[in-house]
Amino acid sequence: MDGRSLRAVGWARSLPLNSQIKTARDWARAHLDELGWTRSAPDTADDVLLVVSELVTNAHVHAHSTAQLVMSWDNQCLHIAVHDTSPVLPEPRHPGALQPGGRGMLLMDALADRWEARPCPHGKTVIACFRPPAREDG
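Here the structure is a predicted model, which means the values were calculated and not measured. (Residues numbered from 1 in each chain as written. Predicted model: local features only at pLDDT ≥ 70, side-chain atom pairs only at ≥ 80, totals over all residues. Heavy atoms only, no water.)

Draft legend 1. Up close: the packing of helix 1 (residues 21-35) against helix 3 (residues 42-61). For the pair helix 1 and helix 3, interaxial distance at closest approach is 9 Å and the crossing angle is 145°. Here helix 1 and helix 3 pass one another in a crossing that is right-handed. Between helix 1 and helix 3, the contacting residues are Ile-21, Ala-24, Arg-25, Ala-28, Arg-29 and Leu-32 on the first element and Ala-45, Val-48, Leu-49, Val-52, Ser-53, Val-56, Thr-57 and His-60 on the second. Residue classes in the contact of helix 1 with helix 3 are distributed as nine nonpolar, three polar and two charged. (Axes fitted to C-alpha atoms, helices over the stretch in contact; angles between N-to-C directions. Helix = DSSP H or I, 4+ residues; strand = E, 2+ residues; numbered from the N terminus. Left-handed = near helix turned anticlockwise from the far one by under 90°. Contact = heavy atoms within 4.5 Å. Nonpolar A, V, L, I, M, F, W, Y, C, P; charged D, E, K, R; others polar.)

Draft legend 2. Fine view of the sheet that holds strand 5 (residues 123-130). The five strands lie next to each other as 1-2-3-5-4, forming an open sheet whose pairing is antiparallel. Sheet topology places strand 1 (9-15) and strand 4 (114-120) at the edges, where each strand pairs with a single neighbour. The average undirected angle you get between the axes of adjacent strands in this sheet is 15°. Of the strands in this sheet, strand 1, strand 2 (67-73) and strand 3 (78-84) are in contact with helix 1, which crosses strand 1 at around 170°. (Pairing = 2+ DSSP bridges.)

Draft legend 3. Representation of the pairing of strand 2. By the alternation rule, side chains of strand 2 split into Ala-67, Leu-69, Met-71 and Trp-73, which are all buried, and Gln-68, Val-70 and Ser-72, of which none is buried. In this structure, strand 1 lies alongside strand 2, joined through seven bridges in antiparallel fashion. Bridged to Ala-12 within strand 2 is Val-70. In this antiparallel pair of consecutive strands, strand 2 and strand 3, the connection spans four residues, and Asn-75 shows a positive phi of 75°. (Buried < 20%, exposed > 50% of the residue type's maximum accessible area, 1.4 Å probe, protein only.)

Draft legend 4. Fine view of helix 3. The end-to-end C-alpha separation of helix 3 is 28 Å, in line with the 28 Å expected for 20 residues at 1.5 Å each. The complete set of buried residues in helix 3 reads Thr-44, Ala-45, Val-48, Leu-49, Val-51, Val-52, Ser-53, Glu-54, Leu-55, Val-56, Ala-59 and His-60. (Expected span 1.5 Å × (residues − 1).)

Spelled out as structure tokens, the structure:
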């Protein structure tokens, strides 16, 4: 296979309502380890784990749904996708200083290179893209 060929890898995990968010983070961290991101891009890996936590929490809390978590790497972008059964797309909220919650979209905007929410026939999928930092050739 030459360097121009697309080589992608991916992983999927179903996280029922009664699962811990730590389970999602630990699972995602293991795959970030496989990609070498925890060594080569630890800050980006931390951002990915925070977004995984946020998306799975939203699926459980707001959609009252199992979270279908998919991670895929296409040699340019790490895609984090979470599907839940609610058709309601995320909307910006204006949280108060002392109010818990309501900061998920702000986090996504700050941490992911880009993100989007797509309606599906049986719910929605929220996808965040992360690119590793550019390597400095020395």
